[in-house]
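# A structural walkthrough
Here's the letter readout for the chains.
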Amino acid sequence: MHKRNFLAGAALAAAGAARAQGAAKPAAGGQPTLLTVGGAIGKGNRGPLDKALDQMMAKHKVQFSTAFAFDGVALQRLVRVHITPTLEYDNKKHKLSGPLLTTVLAEAGADLKAPLRLGLRAVDGYNAVLSLADVQAYRMVVATHLDDQPMALGGLGPQWAVYDADNLSAFKDKPVHERFALCPWGVYYIDVALQG
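Residues numbered from 1 in each chain as written. Predicted model: local features only at pLDDT ≥ 70, side-chain atom pairs only at ≥ 80, totals over all residues. Heavy atoms only, no water.

Moving on to unusual backbone geometry. In the segment running from Gly157 into Pro158, the intervening peptide bond is cis, with an omega of 10 degrees. Among the structural elements, Pro158 can be located in the loop between strand S9 (149-150) and strand S10 (160-162). A positive phi is found at Lys61, a non-glycine position, where the angle reads about 60 degrees. Within the secondary structure, Lys61 sits in the loop between helix H2 (55-59) and strand S2 (67-71). Even without a glycine there, the phi angle at Arg139 is positive, about 50 degrees. (Helix = DSSP H or I, 4+ residues; strand = E, 2+ residues; numbered from the N terminus.)

Below you can see the structure in the form of structure tokens.
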């Protein structure tokens, strides 16, 4: 190998690594990131927000210095639960399945014993803010499947942060269309912060 080719290759590799620190790293299979958890987390697998490449996050004024990016495979590897709430969209019971939100947070390194505030950001800009205590009490799920089918972007997915409102005293007696204000569909970013 010629020294010039070796040095040029090494320079390109270093430049590529530097760029990769700012954008979400795809999984080994090259899958896109579907959910990012940032803020007060113990570990990360990507660098800070890149205003040029993380366009939707930048437009939604999301900020983080480090974050944990999940692709579909990583979400599917987490322990799954299912719930069967009556949905406001058709007033019918549906099976929703995916990992508990607390499982996702733990995988990202959040301290589940700390008093946390969680901002759940949806692709349309909707932002629901909950305490970790509420998320735990509601057994909130990051649903990836509806009636055993993956949820699509443009529908309620690819992820929906949701709880079984039919079985929660805080919601079960409300009209169905008033039960899910804290449940953003199309959730793509979770901001973790210590409650001040």
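This brings us to the packing of aromatic side chains. Tallying each qualifying case throughout the model produces 8 aromatic pairs. For the ring pair Tyr138 and Phe171, a centre distance of 5.1 Å and an interplane angle of 75 degrees mean the geometry is edge-to-face. Taken together, the residues span a long stretch of sequence, with Tyr138 in helix H5 (residues 132-138) and Phe171 in the loop between S10 and strand S11 (187-194) at a distance of 33 residues. Look at Tyr138 and you get buried, because its relative accessible area is 15%. Ring centres of Tyr163 and Phe180 lie 6.1 Å apart, and the angle between their planes is 15 degrees; this geometry places the pair in the stacked category. (Phe/Tyr/Trp six-rings, centres within 6.5 Å; stacked < 30°, edge-to-face > 60°. Buried < 20%, exposed > 50% of the residue type's maximum accessible area, 1.4 Å probe, protein only.)

Turning our attention to the pairing of S2. Most of S2 sits out of view: 5 of its 5 residues are buried. Side-chain alternation along S2 places Ala67, Ala69 and Asp71 on one buried face and Phe68 and Phe70 on a second face that is also buried. When strand S1 (residues 33-39) meets S2, the two strands line up antiparallel, connected through 5 bridges. Its bridge partner being in S2, Thr36 is matched across the sheet by Ala69. (Pairing = 2+ DSSP bridges.)

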